[in-house]
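A structural walkthrough
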Amino acid sequence: MCTAITLQSQQMENFFGRTMDFSYSIEPQLYVVPKNYVWNNVLNMHKFCNYYKFIGIGQETDGTLGFFDGVNEKGFAAAALYFAGYAKYNMHVKHMGKEPIASLDFLHYILGRCGSIEELGEILQEISLIGLPDPVTQTVAPLHWIATDKSGKCVVIEQTEKGLKLFKNPIGVMANSPDFHWHMTNLRNYMDVSPMQTSETYWGKIKLKPFGQAGGTMSLPGGYTSPERFVRTAYQKTHIQTPKDRMEAIITCFHIMEGVSIPKGVVITDRNTYDYTQYIAFMNTNTCEYFFKTYGNNQIITASLWDNYKYSTQPICLGKLMRPLIFEKMQSC
């Protein structure tokens with residue numbers, strides 16, 4: 001369970017972010033990965049070299065560094081979300097002469113090699129995604145991906161039984177299953193949702209009045225399933241006032257994600273574990289800055305790709321996302 005969006009300010013800066021909703025215990029950390037970094041892929045076939053440096057949230061487990069989301073020096077950003085019941089990967093490494101990439105490595109691969117959505121489209125023609133168990137769940141994680149760049153263009157990458165496909169995402173929203181086209185079609189069920197107040201009406205001779213404000217949003221779904229989160233996020237994103245600048249954009253982004261953030265305990269899996277929002281992160285694709293907050297700390301923390309990392313040859317860990325909560329104490333004037 002996760003939700004992702006893009007959002008542009010009036011200054012045409014493009015912001016991209018997501019909720020990380022997960023029912024497994026994770027310890028995400030923030031990393032800066034340098035340009036020309038050579039890394040081993042989990043298929044253990046050969047090494048890859050990054051063309052661009054990037055900053056991303058990930059986790060190292062059993063010697064494998066996997067990423068959940070990130071943005072590179074060209075302003076290309078992407079994130080991985082669960083796609084249960086629909087993702088179908090190739091199981092054979094040799095596949096029609098294409099470059100085999102483990103699905104676990106795909107996000108690292110495109111962040112290191114794609115400078116734009118156009119370049120992503122070209123790369124997808126040359127690779128084959130292979131499914132391998134991840135070290136956290138010990139299963140082949142069913143994933144799909146959302147990507148954007150400085151221009152504001154947004155796409156979704158899904159590999160199903162129909163093959164590896166790239167879809168334009170004009171609304172800039174993504175959640176989990178079903179597939180992206182289903183979510184876009186489902187929006188037509190909510191055409192009557194409106195920010196405007198409903199007026200009083202008559203049923204026969206009975207006069208009915210709305211209960212205060214927000215009557216136009218009565219039919220918005222309120223649960224935490226993927227279709228419900230997609231609809232709520234799409235509605236909020238397309239009806240908010242366009243942020244004036246980067247500060248207002250970040251504030252707006254986090255407010256939108258509050259509408260789909262999952263408190264611990266309201267969603268319990270069939271493994272009897274809590275599925276909840278472990279962190280929310282946003283990136284400014286123009287400045288390559290990260291902004292994030294975690295379940296236990298609502299203070300927004302920031303980090304930049306450009307902060308004194310130009311001489312590193314290996315990934316630099318900036319530390320864990322989970323940080324102690326500090327209350328600011330009000331003082332008398």
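Everything here concerns the structure above.
The present account deals with the structure reproduced in this document. Just so you know, these numbers come straight off a predicted model, no measurement behind them. Along each chain, numbering runs from 1 in the same order as the chain's sequence is written. At least 70 in pLDDT is required for a residue's local features to be given in this predicted model, at least 80 for side-chain atom pairs to be given and counted, and no such filter applies to totals for whole chains, interfaces and linings, which use all residues. By convention in this description, side-chain values take in all heavy atoms of the structure and omit both hydrogens and water.

**Here's the deal with the overall build of the protein chain**
Heads up, the rule is: Secondary structure counts use DSSP, requiring at least four H or I residues in a row for a helix and at least two E residues in a row for a strand, with both numbered from the N terminus. Atoms counted for the radius of gyration: C-alpha only. Globule rule: 2.2 Å times residue count to the power 0.38. The cut-offs for exposure are 20% and 50% of the maximum accessible area for each residue type, with area from a 1.4 Å probe on protein chains only; residues under the lower value are buried, those over the upper are exposed, and the others partly exposed. What makes two residues a contact is simply this: any of their non-hydrogen atoms within 4.5 Å. In these tables, accessible area is a Shrake-Rupley quantity obtained with a 1.4 Å probe, and a residue counts as shielded only by the protein chains included in the view.
Summing up its helical and strand segments, the protein chain has 5 helices and 20 strands in all. Relative to its length of 333 residues, the protein chain is compact, with a C-alpha radius of gyration of 21 Å against a globular reference of 20 Å. Each of the three principal axes of the protein chain carries a C-alpha extent, and together these read 75 × 60 × 45 Å. Burial status across the protein chain gives 50% buried among its 333 residues. Look at the contacts in the protein chain between residues 6 or more apart in sequence, and 66% of them connect residues 24 or more apart. When the accessible surface of the protein chain is totalled, it reaches about 17000 Å², and 53% of it is carbon and sulfur.

**Some points on the pattern of salt bridges**
Oppositely charged side chains may form a pair once their charged atoms are brought near each other. Put simply, the rule reads: Basic side-chain nitrogens of Lys or Arg form a salt bridge, by our definition, when they fall within 4 Å of a carboxyl oxygen of Asp or Glu.
In the structure shown here, the tally under the stated rule is 5 salt bridges. We note a salt bridge from aspartate 69 to arginine 18, for which the minimum N-O separation is 2.8 Å. In this pair, aspartate 69 is assigned in strand 7 (residues 64–72) and arginine 18 in strand 2 (residues 14–22), connecting sequence segments 51 residues apart. The same class applies to aspartate 69 as to arginine 18, namely buried. Taking the shortest distance from any N to any O, the salt bridge between lysine 207 and glutamate 200 comes out at 3.3 Å. Classification of lysine 207 as partly exposed rests on a relative accessible area of 39%. A relative accessible area of 40% means that glutamate 200 is categorised as partly exposed.

**Overview of the packing of helix 1 (residues 106–113) against helix 2 (residues 117–124)**
The criterion, for reference: The angle between two axes is taken between their N-to-C directions and runs from 0 to 180 degrees, where each axis is a line fitted to C-alpha atoms and a helix contributes only its stretch in contact. Any angle between 65 and 115 degrees counts as roughly perpendicular, while under 35 counts as roughly parallel, over 145 as roughly antiparallel, and the rest as oblique. It is the rotation of the near helix from the far one that decides the hand of a crossing: anticlockwise by less than a right angle makes it left-handed, clockwise makes it right-handed. Any residue outside Ala, Val, Leu, Ile, Met, Phe, Trp, Tyr, Cys, Pro, Asp, Glu, Lys and Arg is labelled polar, Gly included; the first ten of those are nonpolar and the last four are charged.
Contact geometry of helix 1 with helix 2 gives a least axis separation of 10 Å together with a crossing angle of 125°. When the axes of helix 1 and helix 2 are compared, the pair comes out oblique. In the crossing of helix 1 with helix 2, the sense of the turn from one axis to the other is right-handed. Between helix 1 and helix 2, the contacting residues are Phe106, Tyr109, Ile110 and Arg113 on the first element and Glu119, Leu120, Ile123 and Leu124 on the second. Along the lines of polarity and charge, the residues of the contact of helix 1 with helix 2 split into 6 nonpolar, no polar and 2 charged.

**Points about helix 5 (residues 246–258)**
Inclusion rule: Here the expected length of a helix is defined as 1.5 Å per residue gap, with one fewer gap than residues. Polar contacts here mean pairs of N or O atoms no more than 3.5 Å apart (in protein, one a potential hydrogen donor and the other a potential acceptor; neighbouring residues in sequence count only if both atoms are side-chain atoms).
Counted at 1.5 Å a residue, the expected span for helix 5 with its 13 residues is 18 Å, and the 19 Å between its end C-alpha atoms agrees. Within helix 5 the residues assigned to the buried category are Ala249, Ile250, Thr252, Cys253, Phe254, Ile256 and Met257. In this structure, the buried side of helix 5 is in contact with strand 1 (2–8), strand 2, helix 4 (226–239), strand 17 (276–284), strand 18 (289–294) and strand 19 (297–304). Capping of helix 5 at its N-terminal end is provided by aspartate 245; its side-chain oxygen lies 3.3 Å from the backbone amide nitrogen of methionine 247.

**Quick word on the sheet that holds strand 8 (residues 77–82)**
Using the following cut-off: The pairing criterion is simple: DSSP has to find at least two bridges between the two strands.
Reading across the sheet, the 8 strands line up as 13-12-11-8-7-6-3-20 and stay open at both edges, with antiparallel pairing between neighbours. The sheet terminates laterally at strand 13 (163–168) and strand 20 (316–320), the two strands that pair on one side only. Neighbour-to-neighbour, the strand axes of this sheet turn through a mean angle of 30°, independent of strand direction. Taken together, the 4 bridges between strand 11 (residues 143–148) and strand 12 (residues 154–160) define a ladder with antiparallel strand orientation. Along strand 12, the bridge assignment pairs threonine 148 with cysteine 154. Each of strand 3 (29–33), strand 6 (54–61), strand 7, strand 8, strand 11 and strand 12 is contacted by helix 1, which is oriented at about 40° to strand 7, the strand it contacts most.

**Digging into the sheet that holds strand 18**
In any sheet, the strands associate via hydrogen bonds between backbone groups, in a parallel or an antiparallel arrangement. Read from one edge of the open sheet, 6 strands run 14-1-2-17-18-19, paired in antiparallel fashion. Both outer strands of the open sheet, strand 14 (173–174) and strand 19, are each paired with one neighbouring strand and no more. Helix 4 contacts strand 1, strand 2 and strand 14 of the sheet and is inclined by roughly 15° relative to strand 1.

**Topic: the nonpolar core**
Rules: Working definition of a nonpolar core: buried Ala, Val, Leu, Ile, Met, Phe, Trp, Tyr and Cys residues. They are joined through side-chain atoms within 4.5 Å.
Ranked by size, the top nonpolar core spans 47 residues in total, and within it Leu30, Ile55, Ile57, Ile146 and Phe282 carry the most contacts. Judged by nonpolar contacts, the second largest core, of 31 residues, contains Ile101, Phe106, Leu111 and Leu124.

**Notes on a nonpolar patch on the surface**
We apply this condition: The patches described consist of residues with a relative accessible area above 30% and no salt bridge, like charges being joined within 9 Å and nonpolar side chains (Val, Leu, Ile, Met, Phe, Trp, Tyr) within 5 Å.
Side chains of Trp203, Ile206 and Leu208 sit close together on the surface and give an oily, nonpolar patch of about 350 Å² of accessible area. Here tryptophan 203 is to be found in strand 15 (residues 201–203). A relative accessible area of 64% places tryptophan 203 in the exposed class.

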